[in-house]
Amino acid sequence: MKKIIVTTKQLCTLISEDVKDRVLYSAVVLSKDSHNKLLEVFADLIPEGWRDYAHHMTIVFGKGLPEDQQQNVDQEVTLYATDVGIGDDAIAVRVDGYPSTNKIPHITIAVSPEGKPAMSNQIENWQPLGYDLPLEGIVTEVRP
């Protein structure tokens, strides 16, 4: 059997390239204007000391887009915020306009100092906005 000798540098390069190719999550990533709009509209609901997010709506976590959505990468889409949800450690808006594997498609607006954005999935108290708030974003496969 033939031995293959790989240097540490070669191994690090292989691992690094594999990590770069991995998709952390697929999402509709908000434009800067839509990010700012969410933070302005809901500023009164965000307690002092909470971290702002208002970054994206997750389409699928831990992998790339489904095959039938691959053609949408880099396309601009419009999401519509319809409800606001407030939990102990997260504030989010429910959105329509693009498919998501989340039970409730949403965009995390802010989290408490102890919170994490994923805690928006635990929000149970959703209140209708009474209107649809349009938000622009780009369909993206987010990589490290």
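Residues numbered from 1 in each chain as written. Predicted model: local features only at pLDDT ≥ 70, side-chain atom pairs only at ≥ 80, totals over all residues. Heavy atoms only, no water.

**Q** Residue-level account of the nonpolar core, with values.
**A** Counting residues in each nonpolar core, the largest one holds 26 residues, and the members touching the most others are Leu38, Val93, Ile107 and Ile109. Going through the elements one at a time, strand 1 (25-30), helix 2 (32-41), strand 3 (56-61), strand 4 (76-86), strand 5 (90-96), strand 6 (106-111) and strand 7 (126-142) are the ones with two or more residues in this core. Discounting chain neighbours no more than four positions away, the residues touching valine 93 are Leu38, Phe42, Ala81, Asp83, Val84, Pro105, His106, Ile107, Ile109 and Trp126. In this structure, Ala92, Val111, Ile123 and Trp126 belong to the second largest nonpolar core, which totals 5 residues. (Core = buried A, V, L, I, M, F, W, Y, C linked by side-chain atoms within 4.5 Å. Buried < 20%, exposed > 50% of the residue type's maximum accessible area, 1.4 Å probe, protein only. Helix = DSSP H or I, 4+ residues; strand = E, 2+ residues; numbered from the N terminus. Contact = heavy atoms within 4.5 Å.)

**Q** Lay out the confidence of the model for the protein in plain terms, naming residues and giving numbers.
**A** On average, residues of the protein carry a pLDDT of 90, and 86% of them reach 70 or more. Taken as a whole, residues 11-17 scores under 50 in pLDDT and shows 1 contact with residues more than four places along the chain or in a different chain. (pLDDT = per-residue confidence, 0-100.)

**Q** Summarise helix 2; cite the residues concerned and give the values.
**A** Because each turn of an α-helix spans 3.6 residues, side chains separated by three or four positions end up pointing in the same direction. For helix 2, the full list of buried residues reads Ser34, Leu38 and Leu39. Each buried residue of helix 2 sits inside an arc of 135° when the element is viewed along its axis, so together they form one side. In helix 2, those exposed residues whose orientation departs by more than 90 degrees from the buried face are Lys32, Asp33 and Glu40. Where helix 2 is buried, its residues meet strand 1, strand 2 (51-52), strand 5, strand 6 and strand 7. (Arc of directions from axis to C-beta.)

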